[in-house]
Amino acid sequence: MERIYIFKRFERIWHWTQALLIIGMMATGFEIHGSYTLLGFARATTVHTTAAWALIALWVFAIFWHFTTGEWRQYIPTTENLTAMIRYYLTGIFSNAPHPFRQTQLRKHNPLQRLAYLGVKLFINPLIWASGLAYLYYNEINAAGYAIGLGSIALVHSIAAFLMLTFFIVHIYFATTGHTWSSHIKAMVTGWEEVEGDARSVP
Amino acid sequence: MKTRRILVTLLATGLAAASASALAYEGDWKRGRVYYRSVCTACHAAQAGGSIAPSEMTKAQWQAYLQADKHAKGKDSLKQYVGKPYRASIRAQNKAADKFADVPDEELFEDLKAFVIKGAKDGDAPASCS
Amino acid sequence: MKIRHLVLLAGFALASALPAGAAPAKLNTTADHSKFKELQQEFASGPEVTKACLGCHTEAASQVHRTKHWNWEFLNPANQQRLGKKNVINNFCISVPSNYAFCTSCHIGYGWKDGNFDFAAQENVDCLVCHDTTGAYKKLPGLAGHPPYKDTEVLPGSGKIVKATDLAKVAQKVGKTSRDTCGACHFFGGGGDGVKHGDMDSSLASPDKELDVHMDATGLDFTCGTCHKAASHDVAGSRYTPVARDTGGAHIRGKEDDSNPATCQSCHGETPHKKGEAAKLNDHTNVVACQTCHIPKIARGGVATKMSWDWSTAGQLSPEGKPLLKKDDKGRVIYDSKKGDFTLGENVEPEYMWFNGDITYTLLGDKVDKTDGITHINKVGGSATDGRSLIWPMKVFRGAQPYDPVNKTLVTPHTAGNDDTAYWKNFGWEKAIATGMKASGAPFSGQVDFIKTDMSWPITHMVAPKEAALGCADCHSRDGRLAKVGGVYIPGRDHDPLIDLIGWLMAGGALAGVIGHGALRLVRRKD
């Protein structure tokens, strides 16, 4: 058993702040959508909008960080080991088979993660941001002569929100599929991941 | 002597004119209405077990009531609740008392009188309290 | 020396004789009418007073002659409908012709007792009804617009005596119009206090801030004329051609502007909400009328408004043949043999609809059909897409009223009068309608049936303090105030059911999937 330092301090702060904001935004977002009543519409919109701006600010930092550190490369998709990963989650995991992927500092994410996160970053997030900003600035957009109905904007925004919710559920579950039930989560908190075997003998 | 006589006449006419103009004030029933509804009724609703409408008494009864200046079954004076000190004491909570804080007592009393007489049971426009 | 003393004495005496505030009552005009010789006389009638007024105000009567207040007639330029109180039919007391002497107690003139009133006579203008300040000037029904000149019983047999009007006193005390003078008619429309409008009743004569922020008697103390600014006796703001959406911005002194000064926007503009959290509200002003949020309920002043009126049940008499009067537990009349059944309401939530200011009336000659369901006495125009509409609060007044099932028209019954056809005296529809239709110059088959009608009244008075305005969730919820208003996407109210279904299935499926996966792991690992 070995411990390697995977997640840097900024990454961890970014991750957990983002987690908090997204959970808050989903809770208030579906309330604004009319699915239930929690804070009341007025407070829900205030929280939702404030959180949105906070998340945008966080994202500006995160993008900057990814590019200056070169960490963006972590999300380049790969097919190498992909089928092995899928097979592992479908069968291997139940028989304590060895994990086909080894984390290193240079390769934090397994190929499935890479694909999933890339999808979030390139598809769900932009969709949610763009429709959300359009939602906020609906009046200005229409005043500028672009006749977009609020209904269509809301539709796109809610589709994106359902995708985000689905990702969120699966993401939380996969957080328990580490070496132990909690090792991934601990790693996200402390930065240190427990991996099996010798970290230096990476294939 | 002559100047003296002139002065006396001047004084006399001046006094007459002054008292006439003081007497000439005619109650403003609308101001009375606002005061009655905001000050008198506010207290009656809270302390007298409900509001007391001007139309509960006749003109003659109101005349006599105001003349006697006995209020709340004779316990205190009604004029007191029209007076500046009372207005000053409640003006923080009562907008009418605040708005009319500087109106002379006699005027406001006349205003009130004009309103209750007009709103009396047999008045020009029987009025409720709110 | 003595003289000096005397002077001093005189000074003291004068000073003490003048109490601090004994300055004469504040007049806000430059003329004290009680000082005018012309008004210091005994007047035998209203027209005599008017002649005295016209001695100085030479153009006043001809100005009044040009107004709706005088003619009770209005030609709607948008659709050429001939409207005005003289012509329209409503579902309250129905119509004016043949009932002139009663209805014209709310006409600003003297002597309109039948169809032959002289509209050109200057002395027929009633100056006092609008310019009285004493509150002692009252026009009684049945006197064709005159106040009582001798002690008069209000309704014969009622025992309620109204004293002869002291015309000289009223004339000497004339002043600007007030909530009381406008209210003398407009608070009592439909035949009683608060009956018609719902947002106008006698509680507005001296309201507090909760009832109306602008008219608050201890605060801003607006009169009707503050908003309904009159020029040359023509009062601004019309029920026949209202401005539903005012994009003209605030009226500013010096700005050339003949638009309606009585809209909210004419003072507040279109972005009245302060910066910060409330600023989002400014994004609503192109969809929702100010009144929708700021008048959360009508009839809030303790006076109930009529919500419905069923004429078809009128005419039931006691075994002795006497008219009946039924009251509810609050002492409000809910059945009157003369009029039928009523329902009343206080603190009523208005209904909401798109409104662009276009109103089309169903007039006397127009075909109506019972099988059409409800006949709209006035159809309000508006839609989400015409660019002229906003969502407005309305009092929708529903009822059933007599109509002619053969000619398929509404009818104008003769209700009030001391003769042998008036409905309120004789309780016979056929004769009453025959008389009324003759006065209106319209054909009547002799058959009477009842037809369901409704009438919409845009709500604009009784503006509540901002703390009492509607909150977001009042509309942004599945069953909120605007539940029935179409053409607009309202977050919280609207959603796409299909997308929601797919979305919840997807998320739920994911959840079920991971729970299953986790359970399997748990089970297997134990082996």
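Residues numbered from 1 in each chain as written. Chains lettered and ligands numbered in written order. Predicted model: local features only at pLDDT ≥ 70, side-chain atom pairs only at ≥ 80, totals over all residues. Heavy atoms only, no water.

Colleague: Tell me what's going on with the overall build of chain C, and back it up with residues and numbers.
Modeller: Within chain C, the secondary structure is distributed over 15 helices and 17 strands. Taking the principal axes of its C-alpha atoms as reference, chain C extends roughly 125 × 85 × 50 Å. Working note: accessible area of chain C is about 26300 Å², and carbon and sulfur atoms make up 57% of it. Between the averaged position of the 61 positive side-chain charges in chain C and that of its 58 negative side-chain charges there is a distance of 4 Å. (Helix = DSSP H or I, 4+ residues; strand = E, 2+ residues; numbered from the N terminus. Areas by Shrake-Rupley, 256 points an atom, 1.4 Å probe, with all protein chains shown as cover. Lys, Arg positive; Asp, Glu negative; His and termini not counted. Charge placed at Lys NZ, Arg CZ, Asp CG, Glu CD.)

Colleague: Requested: an account of the interface of chain A and chain C, with residues and values cited.
Modeller: Taken residue by residue, the interface counts 32 residues in chain A and 30 residues in chain C. In total, chain A and chain C occlude about 2900 Å² of area from one another, counting both sides; carbon and sulfur atoms represent 65% of this. At the boundary of chain A with chain C, the tally comes to 11 residue pairs in polar contact (both at pLDDT 80 or more). Breaking the side of chain A that touches chain C down by element, the ones donating at least two residues are α1 (9–32), α2 (41–69), α4 (111–136), α5 (138–143) and α6 (150–174) of chain A. Tallying contributions element by element places α6(A) first for the side of chain A that touches chain C, with 13 residues. (Contact = heavy atoms within 4.5 Å. Buried area = accessible area lost by both parts, 1.4 Å probe. Polar contact = N/O pair within 3.5 Å; in protein donor to acceptor, adjacent residues only side chain to side chain.)

Colleague: Quick one: what's the story with the nonpolar core, residue by residue and with numbers?
Modeller: Counting 42 residues, the largest nonpolar core has L83(C), F92(C), Y361(C), W392(C), L410(C), W429(C) and M437(C) as the members making the most contacts within it. Of all the elements in the fold, those that place two or more residues in this core are β11 (351–355), β12 (359–361), β15 (390–404), α13 (429–440) and β17 (449–458) of chain C. (Core = buried A, V, L, I, M, F, W, Y, C linked by side-chain atoms within 4.5 Å. Buried < 20%, exposed > 50% of the residue type's maximum accessible area, 1.4 Å probe, protein only.)

Colleague: An account of α1(A) is requested, with residue identities and associated values reported.
Modeller: Over its 24 residues, α1(A) extends 34 Å from the first C-alpha to the last, a length consistent with the 34 Å expected when each residue adds 1.5 Å. Count one or two residues on from α1(A) and you reach G34(A), which has phi positive near 100°. (Expected span 1.5 Å × (residues − 1).)

Colleague: Please give an account of the pattern of salt bridges that cites residues and values.
Modeller: Counted by the stated rule, this structure contains 23 salt bridges over all chains. Here R87(B) and D105(B) are joined by a salt bridge, their closest N and O atoms 2.8 Å apart. Within this pair, whereas R87(B) is found in helix α4 (residues 84–90), its partner D105(B) is found in helix α6 (residues 105–118), the two being separated by 18 residues in sequence. Judged by relative accessible area, R87(B) falls into the buried class, the value being 0%. D105(B) sits in the partly exposed class, given a relative accessible area of 30%. K99(B) serves as the salt-bridge partner of D221(C), at 3.7 Å between the closest nitrogen and oxygen. Of the two residues, D221(C) sits in the loop between α8 (179–186) and α9 (224–227) while K99(B) sits in helix α5 (residues 95–99), which places them in two different chains. The class for D221(C) is partly exposed, based on a relative accessible area of 32%. (Salt bridge = Lys/Arg side-chain N within 4 Å of Asp/Glu carboxyl O.)

Colleague: An account of the state of the cysteines is requested, with residue identities and associated values reported.
Modeller: Residues and elements named next belong to chain C. Applying the stated criterion across every chain yields a total of one disulfide over all chains. Across the disulfide from C106 sits C185; the S-S distance is 2.4 Å. Judged by the torsion about the S-S bond (-110°), the C106/C185 disulfide is left-handed. Taken together, the residues span a long stretch of sequence, with C106 in the loop between α5 (100–103) and α6 (128–131) and C185 in helix α8 at a distance of 79 residues. What makes C106 partly exposed here is its relative accessible area of 30%. (Disulfide = S-S within 2.5 Å.)

Colleague: Please set out the domain arrangement of chain C residue by residue, giving values where relevant.
Modeller: When the domains of chain C are assigned, the result is domain 1 (305–475) and domain 2 (495–527). Taken over C-alpha atoms, the centre of domain 1 of chain C sits 58 Å from the centre of domain 2 of chain C. (Domains from an automatic or database assignment.)

Colleague: Can you break down the confidence of the model for chain C residue by residue, with the values?
Modeller: Low-pLDDT stretches of the model should not have their predicted coordinates read in fine detail. Residues at a pLDDT of 70 or more form 94% of chain C, whose mean pLDDT is 92. Across the interface, the model reports ipTM at 0.90; the global pTM reads 0.88. (pLDDT = per-residue confidence, 0-100.)

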